[in-house]
Amino acid sequence: VQLQASGGGSVQPGGSLRLSCSTSGSFLNINKMGWYRQAPGKQRDVVASITNAGNTNYTDSVKGRFTISRDNAKNTVSLQMNSLKPEDTAVYYCYCNAEISRFRFGDYWGQGTLVTVSS
């Protein structure tokens, strides 16, 4: 399973960006999808996740500002980021848990896309 993230860039505080992630490869199902981020000198932390039923979870710092969505038919996941703050600056990674064969599951990561929030 391969994931390809896109949509990062530089934006001023208060601005918006939309990240997208597509999947490819061989798998039976994509279960949970999500986004993590890693700021310089810090560990990689979860930002948001979404199940194939559409149930979402967000880390507290982005609630009300970020919205995660997915297209189950296309196996894509997106992250709409509004009211961006300098502390949102990080490399963002998309993630999925996939059933790659019957009852065999794996976790997969995209290559990361840089989001910089600065005036």
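Now for a look at the structure at hand. Computed from a predicted model, the values in this text were never measured in an experiment.

## Some points on the state of the cysteines
Piece 1. According to the stated counting rule, one finds 1 disulfide in the structure shown.
Piece 2. The disulfide partner of C21 is C94, and the S-S distance across this bridge is 2.1 Å. Its S-S torsion of approximately 55° makes the covalent link between C21 and C94 right-handed. Remark: C94 occurs in strand β9 (residues 90–101) and C21 occurs in strand β3 (residues 17–24); sequence separation between them is 73 residues.
Piece 3. Given the relative accessible area of 2%, C21 is considered buried.
Piece 4. Assessed through its relative accessible area of 0%, C94 is described here as buried.
Piece 5. Unpaired in terms of disulfides, C96 finds its nearest cysteine sulfur in C21, a separation of 7.4 Å.

## Focus: the nonpolar core
Piece 1. If you look at the biggest cluster of nonpolar residues, it comprises 30 residues, and the most contacted ones within it are W35, V47, F66, L79, M81, Y92 and C96.
Piece 2. Elements that contribute at least two residues to this core include exactly β1 (2–6), β3, β4 (29–38), β5 (45–50), β7 (66–71), β8 (76–81), β9 and β11 (113–117).
Piece 3. Here the element with the most residues in this core is β9; it accounts for 5 residues.
Piece 4. For L79, the contacting residues outside a window of four places in its chain are L17, R18, L19, W35, V47, A48, F66, T67, I68 and Y92.

## Some words on the pattern of salt bridges
Piece 1. Counted under the stated rule, the structure contains 3 salt bridges.
Piece 2. Among the ionic pairs, D60 bridges to K63, the shortest N-O distance being 3.0 Å.
Piece 3. With a shortest N-O distance of 2.7 Å, D88 and R65 are connected by a salt bridge. Here D88 is found in the loop between β8 and β9, whereas its partner R65 is found in the loop between β6 (56–58) and β7, with 23 residues between them in sequence.
Piece 4. Classification of R65 as buried rests on a relative accessible area of 10%.

Here is what the cut-offs are and how they apply
- The numbers attached to residues start from 1 for each chain and follow its sequence in the written order.
- Note on the predicted model: pLDDT of at least 70 is required for a residue's local features to be given, and 80 or more for side-chain atom pairs to be given and counted; whole-chain, interface and lining totals, by contrast, use all residues.
- Side-chain descriptors were evaluated using all non-hydrogen atoms of the structure, hydrogens and water having been removed beforehand.
- Two cysteine sulfur atoms form a disulfide, by the criterion used here, when they sit within 2.5 Å.
- Numbering of helices and strands runs from the N terminus, with a helix taken as a DSSP run of H or I at least four residues long and a strand as a DSSP run of E at least two residues long.
- The rule is simple: take the accessible area with a 1.4 Å probe, protein chains only, and divide by the maximum for that residue type; under 20% is buried, over 50% is exposed, in between is partly exposed.
- To form a nonpolar core, buried Ala, Val, Leu, Ile, Met, Phe, Trp, Tyr and Cys residues must be joined to one another through side-chain atoms within 4.5 Å.
- It only takes one pair of heavy atoms within 4.5 Å for two residues to be counted as in contact.
- We count a salt bridge whenever a side-chain nitrogen from Lys or Arg sits within 4 Å of a carboxyl oxygen from Asp or Glu.

In short, shape yes, function no, at least from these values alone.
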